[in-house]
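What follows is the residue order along each chain.
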Amino acid sequence: MITLGIDIGSTTSKCVLMKDGQEIIASSLRVGGLGTEGPAEALAELWEKAGITADKVDRTIVTGYGRNKYEGADGEVSELTCHALGGRLIFPGLRTLIDIGGQDAKIISLSESGRMSNFVMNDKCAAGTGRFLDVMANILRMDVDELDECASKSVKPASISSTCTVFAESEVISQLANGVERPDLVAGICESVASRVSALARRAGVVPKVCMSGGVAKNGAVRRALAKSLGTDIDFDPMAQYFGAIGAALYAYRQLTK
Ligand code: ADP
């Protein structure tokens, strides 16, 4: 049975094609979420990679910020449910999922049996989200993918005291002008995101096994700072940004087989 999960986020669109609720056949990601060509482009890329056409898909579920506006699916499911399902498929026994996306951060708690038992979310403020990293990378004229390696060269991470993205932006510009080394600044920026999210995670309660999902999970400096601050290991999988789409494809499979 072939199912398709589409995750239309605030900044990126992700698709996952799955066989029998277990095997990922193909995945695709395009920058551009709700209200852009992102979803259509991600789908076109998916068909090309998988070498099959849409008529071979048995069921499609859409999730994410833009799910309500998308008309090409058989059903829609909340991203909380999908991230929990995707996370649990990749990490059996998962109890806490920390999702940092382009516009929000969520902590999802799972029961022993894998049901979502609680969640807390930060969606009012860009600090502690991918947006914060996007803004800072832009100031430093870097790509977000380069931040992790740059931070790894830091000797003394800079302290970013502002909790507001707009003020932190000015702070980073003035630290740059004062000669603070770029790796130290980047490490400080990553630690700032981790510190915001760890406060959120403490509110939710952190029970191991813990993993991260969302685009920011790809940044090892954020992951390490978060693990240190929470005093727990944090598991990571290179497919972390696709957990929502994986969960949607799995949800579609479960609907077909129940
Ligand atoms: P959404 O579903 O809200 O669109 P995603 O989970 O797809 O969000 O994550 C998108 C965010 O992840 C963007 O802010 C992007 O800059 C950030 N991101 C992507 N790759 C990396 C990376 N290598 N390091 C840090 N942040 C990243």
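Residues numbered from 1 in each chain as written. Predicted model: local features only at pLDDT ≥ 70, side-chain atom pairs only at ≥ 80, totals over all residues. Heavy atoms only, no water.

Asks: Can you walk me through the site of the ligand in this structure?
Replies: Close to the ligand lie 19 residues, the nearest being T11, T12, K14, D134 and Q241. One nitrogen or oxygen atom from the side chain of S10 is found 2.8 Å from an oxygen atom belonging to the ligand. A distance of 2.5 Å separates an oxygen atom of the ligand from a polar atom in the side chain of T12. Considering the ligand on its own, with 580 Å² of exposed area, one finds that the protein chains cover 90% of that surface. In this structure the site holding the ligand corresponds to the largest pocket. (Near = heavy atom within 4 Å. Polar contact = N/O pair within 3.5 Å; in protein donor to acceptor, adjacent residues only side chain to side chain. Areas by Shrake-Rupley, 256 points an atom, 1.4 Å probe, with all protein chains shown as cover. 1 Å grid on protein atoms, 1.4 Å probe; cavity = no way out; pocket = protein on both sides within 12 Å on 5 of 7 lines; lining within 4 Å. Sits in = over half its atoms within 2 Å of the grid points.)

Asks: So what exactly am I meant to see when it comes to the sheet that holds strand 3 (residues 23–31) here?
Replies: Sheet strands pair by backbone hydrogen bonding; their relative direction is either parallel or antiparallel. What the five strands build is an open sheet, ordered 3-2-1-4-5; its pairing is mixed. The open sheet terminates on both sides in strands that have one partner only, identified here as strand 3 and strand 5 (75–76). Here helix 1 (residues 38–50) sits on the sheet in contact with strand 1 (2–8), strand 2 (12–19) and strand 3, set at roughly 145° to strand 3. Across the sheet, helix 8 (residues 243–257) touches strand 1, strand 2, strand 3 and strand 4 (59–63), and the angle it forms with strand 1 is around 140°. (Pairing = 2+ DSSP bridges. Helix = DSSP H or I, 4+ residues; strand = E, 2+ residues; numbered from the N terminus. Contact = heavy atoms within 4.5 Å. Axes fitted to C-alpha atoms, helices over the stretch in contact; angles between N-to-C directions.)

Asks: Help me understand the packing of aromatic side chains in this model?
Replies: The description of an aromatic ring pair rests on the distance of the ring centres and on the angle between the ring planes. A complete count under the given rule lists one aromatic pair for this structure. Ring geometry for F91 versus F243: centroids 6.3 Å apart, planes at 65°, classification edge-to-face. Taken together, the residues F91 in the loop between helix 2 (79–90) and strand 6 (96–100) and F243 in helix 8 connect sequence positions 152 residues apart. A relative accessible area of 0% places F243 in the buried class. One residue, R223, lies across the ring of F236, its end atom 3.9 Å from the ring centre. (Phe/Tyr/Trp six-rings, centres within 6.5 Å; stacked < 30°, edge-to-face > 60°. Buried < 20%, exposed > 50% of the residue type's maximum accessible area, 1.4 Å probe, protein only. Lys NZ or Arg CZ within 6 Å of the ring centre and 35° of its normal.)

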